[in-house]
Structures are given as structure tokens and as C-alpha cells.
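Observations on chain architecture
Here's the letter readout for the chains.
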Amino acid sequence: MKDTLNKLSTPTIALHWLVGLAIIFMMPVAIYMAENEVYWLYPIHKSIGVVLFVFIIVRVVWRLKNGWLQPVSEYQKWEQLLAKIVHWVLIIGTVLFPLSGMIMSGAGGHGIYLFGLELMAMNPDPANPQAVIALNKTAAGIGHEAHEITAWVMFVAIILHVAGALKHHIMDKDQTLNRMKGNDVST
Ligand code: HEM
Ligand code: HEM
């Protein structure tokens, strides 16, 4: 079960689309949630993020163990370099999203929960049961900042990445996208 030039392995394809599409759907919902303080969405957002973190770690290990994909054909140097940089940004961004989120919530005293299962307890304020006390305000602030910066960087990287995939498919009419769809492109 390894990626070859003509056929990508099932883990590569499954993990690419699971993580990629989940993030594409999560980002606008999360921005709406944070902008409008839709509090009932927070635990759902965090729980999905924690579940995704597991798949993201598996994906990173898989990619580093198996090496990066070979391009289906030779391209301009700048194009290959840009694709490489964007792939690295995307894969690092997928790790930073849940990691910074967990630091923000954990250090912020809100705790980390997986659909009701307590992974890290919250730290309620004894004087006000509605509020929590941060365990480490600096770490929580850094986590929050990192979560927001990751969102901006990923927004740009995903646009470049999808534009690149469409350019290969529509303009170059090559097999890049078909291969990521799971097709054997040897013929
Ligand atoms: C509709 C959206 C998307 C399309 C059409 C798409 C398409 C592709 C294609 C065709 C490749 C293969 C590139 C090659 O052969 O060199 C690829 C690779 C990759 N994509 Fe996407 N992608 C999408 C969304 C995403 C998202 C949202 C992420 C990250 C959050 C992502 C991360 C990656 C990474 C890291 C690779 C490198 C190979 C790997 O590690 O699996 N993609 N994508
Ligand atoms: C792949 C996983 C994740 C993605 C794609 C994601 C994405 C986002 C985005 C785009 C925002 C809105 C922009 C911002 O305020 O930063 C956001 C907000 C937020 N995320 Fe995540 N997130 C993920 C995982 C997590 C996890 C695991 C946690 C905590 C356990 C978390 C906690 C939060 C919180 C508390 C906010 C609201 C911040 C505020 O009110 O300003 N996120 N997330």
C-alpha cells in the first residue's frame, strides 16, 4: 500500500478528502460561530476539531513516512516549487488548527470535551459559576492568536491549492486531479 506515480494509495486519498473537505466546511461555519458568538456551536466545533486532530496526525505520519507525491508530469520549476510550498503550508496548517484550538480552550480554563467526554476539565470561577478562570492567560492568548492567523494563512493556501488543481484539470488537461480522485492514470 504505497503511492506510485500512476496510482495513489487508499490512505492518501481517503485522508486527503476527509481532512481537506472537513476543513473547507469547518472554516466558514467557525468564522460565523466566532463572529456572532453562537455559543451552542462551540462544543460541536471543538469536538469535531479534536476528532479531526487524530486523522490529521495519522495523515502527517503517513505523508512523512511515504514521502511527497511525484508530479504526474514535468512542470515549470516555479510551479513545482509553489505546489511544494503550498502543500507544506496546508499540512502544517492542518496540525496548527486543532493544536492552537486546544491550547486556547485548555489554557483558557474552558476545558476540552469530546462530545461530552471530558478530556481536560474546565476551571470554573467560584465567585461566578457562569465564568471560568484561565490557567495560563498568555498561553491562551497565543493559542487564540495562532488559531486566527492559521485561519488567514489557510484561506489563502486553500484558494491557491484549489486554483492549482483546477488549472491542471481544465487548462493543462492532465491527470493530477484524476489521480487524487483515486483513478489509475497509467493509460
Ligand atoms: C476541493 C478542494 C481540493 C481539491 C480539488 C484538491 C486537489 C488536490 C490534488 C489534485 C492534489 C494532488 C497534487 C499532486 O499530485 O501534486 C492534492 C494534494 C494535496 N492536497 Fe488537496 N485538494 C483540495 C483541498 C485540500 C485542502 C482543504 C487541503 C488541506 C487542508 C489539502 C491538502 C493537500 C495536501 C497536503 C496535498 C499533498 C498530498 C498529500 O499530502 O495528500 N487539499 N490536492
Ligand atoms: C481542524 C480543526 C479546526 C479548524 C479548521 C478550526 C477553525 C476555526 C476557525 C476558522 C475559527 C474562526 C476564526 C478564529 O476565531 O480563529 C475558529 C474559532 C474557534 N475555534 Fe477552531 N478550528 C479547529 C479546531 C478547534 C479545536 C480542536 C478547538 C478547541 C478544542 C477549537 C476552538 C475554537 C474556538 C474556541 C474558537 C472561537 C474563538 C473566538 O470566539 O474568537 N478549534 N476555529
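Because the structure is a prediction, the values reported are computed rather than measured.

1. Observations concerning the site of ligand 2
Within the structure, ligand 2 sits among 22 residues, and Y42, H45, G101, H144 and H147 are positioned closest to it. One of the side-chain N or O atoms of Y42 is found 2.7 Å from an oxygen atom in ligand 2. One nitrogen or oxygen atom from the side chain of H147 is found 2.8 Å from a nitrogen atom belonging to ligand 2. For the shell around ligand 2, the elements supplying multiple residues, two or more each, are α1 (10-36), α2 (41-66), α3 (77-107) and α4 (137-171). Here the residues of the shell around ligand 2 sort into 14 nonpolar, six polar and two charged.

2. Description of the confidence of the model for the chain
Per-residue pLDDT for the chain averages 96, and the proportion of residues at 70 or more is 99%. Element-level mean pLDDT values for the chain span from 91 in strand β4 (residues 128-132) up to 98 in α1.

3. Regarding the coordination of the iron atom of ligand 2
Protein ligation of the iron atom of ligand 2 involves H45 (NE2) and H147 (NE2), the donor distances falling in the range 2.0 to 2.1 Å. Coordination at the iron atom of ligand 2 comes from six donor atoms whose angles at the metal span 84 to 179°, giving a geometry best classed as octahedral. Within this pair, whereas H45 is found in helix α2, its partner H147 is found in helix α4, the two being separated by 102 residues in sequence.

4. Some points on the site of ligand 1
Around ligand 1 lies a shell of 21 residues, among which H16, R59, R63, H161 and R179 are the nearest. R59 places a polar side-chain atom, nitrogen or oxygen, 3.0 Å from an oxygen atom of ligand 1. Interatomic distance of 2.7 Å between a side-chain N/O atom of H161 and a nitrogen atom of ligand 1. Secondary structure elements with two or more residues in the shell around ligand 1: α1, α2, α3, α4 and α5 (176-180). If you tally residues by element for the shell around ligand 1, the top one is α4, at five residues. When grouped by side-chain class, the residues that make up the shell around ligand 1 number twelve nonpolar, six polar and three charged.

5. So, the coordination of the iron atom of ligand 1
Those protein atoms acting as donors to the iron atom of ligand 1 are H16 (NE2) and H161 (NE2), and they sit at 2.0 Å. With relative accessibility at 15%, the residue H16 sits in the buried group. Residue classification places H161 among the partly exposed residues on the basis of a relative accessible area of 25%.

6. So, the nonpolar core
Ranked by internal contacts, the top residues of the largest apolar core, which has 14 residues, are I23, M27, I56, L90, F97, M154 and I158. Elements that contribute at least two residues to this core include exactly α1, α2, α3 and α4. Excluding anything up to four places from it in sequence, I23 contacts T94, F97 and I158.

7. Observations concerning the pattern of salt bridges
For the coordinates displayed, the defined rule picks out three salt bridges. Taking the shortest distance from any N to any O, the salt bridge between D3 and R63 comes out at 3.4 Å. Taken together, the residues D3 in the segment before α1 and R63 in helix α2 connect sequence positions 60 residues apart. Note on accessibility: D3 and R63 belong to one class, buried. For the salt bridge of D172 with K167, the shortest nitrogen-to-oxygen distance reads 2.9 Å. Relative accessible area serves as the criterion here: at 25%, K167 is assigned to the partly exposed category.

8. Regarding a nonpolar patch on the surface
Taken together, the side chains of L18, W40, I44, I48, V51, V54, F55, V58 and F115 make up a nonpolar region of the molecular surface, amounting to roughly 840 Å² of accessible area. A per-element tally of the nonpolar patch places α2 first, with six residues. Within the secondary structure, I44 is located in helix α2. Exposure remark for I44: the relative accessible area of 34% places this residue in the partly exposed category.

The rules behind each value
- Residue positions are counted from 1 within each chain, in the order its sequence is given.
- Key to labels: chains lettered from A, ligands numbered from 1, both in the order written.
- Given that this is a predicted model, residues contribute local features only at a pLDDT of at least 70 and side-chain atom pairs are listed and counted only at 80 or more, while totals for whole chains, interfaces and linings are drawn from all residues.
- In computing side-chain values, all of the structure's heavy atoms are included and hydrogens and water are not.
- Near residues are defined by distance, with any heavy atom within 4 Å of the molecule or strand qualifying the residue.
- In the analysis that follows, any N or O atom pair within 3.5 Å is treated as a polar contact, provided that within protein one partner can donate a hydrogen and the other can accept it, and provided that, for residues neighboring in sequence, both atoms belong to side chains.
- In DSSP terms, a helix is any run of H or I states spanning at least four residues, a strand is any run of E spanning at least two, and both are numbered starting from the N terminus.
- Amino acids are sorted into nonpolar (Ala, Val, Leu, Ile, Met, Phe, Trp, Tyr, Cys and Pro), charged (Asp, Glu, Lys and Arg) and polar (every other residue, Gly among them).
- pLDDT expresses how confident the predictor is about each individual residue, on a scale running from 0 to 100.
- Donor selection uses N, O and S atoms within 2.8 Å of the metal (3.2 Å for Na, K and Ca). Since no water is included, sites may look incomplete.
- In short, tetrahedral needs four donors with all angles between 85 and 135 degrees, square planar needs four and octahedral six donors with opposite donors over 155 degrees apart and all other angles between 65 and 115, and whatever is left is irregular.
- Three labels apply to residues, based on accessible area from a 1.4 Å probe with only protein chains included: buried if under 20% of the type maximum, exposed if over 50%, partly exposed otherwise in between.
- In plain words, nonpolar cores are sets of buried Ala, Val, Leu, Ile, Met, Phe, Trp, Tyr and Cys residues tied together by side-chain atoms within 4.5 Å.
- Only heavy atoms enter the contact rule, under which two residues are in contact if any of them lie within 4.5 Å.
- Think of a salt bridge as a Lys or Arg side-chain nitrogen and an Asp or Glu carboxyl oxygen that are within 4 Å of each other.
- To count toward a patch, a residue needs a relative accessible area over 30% and no salt bridge; like charges are then connected within 9 Å, while nonpolar side chains (Val, Leu, Ile, Met, Phe, Trp, Tyr) are connected within 5 Å.
- Using a 1.4 Å probe, accessible areas were evaluated by the Shrake-Rupley method; residue-level cover was limited to the displayed protein chains.

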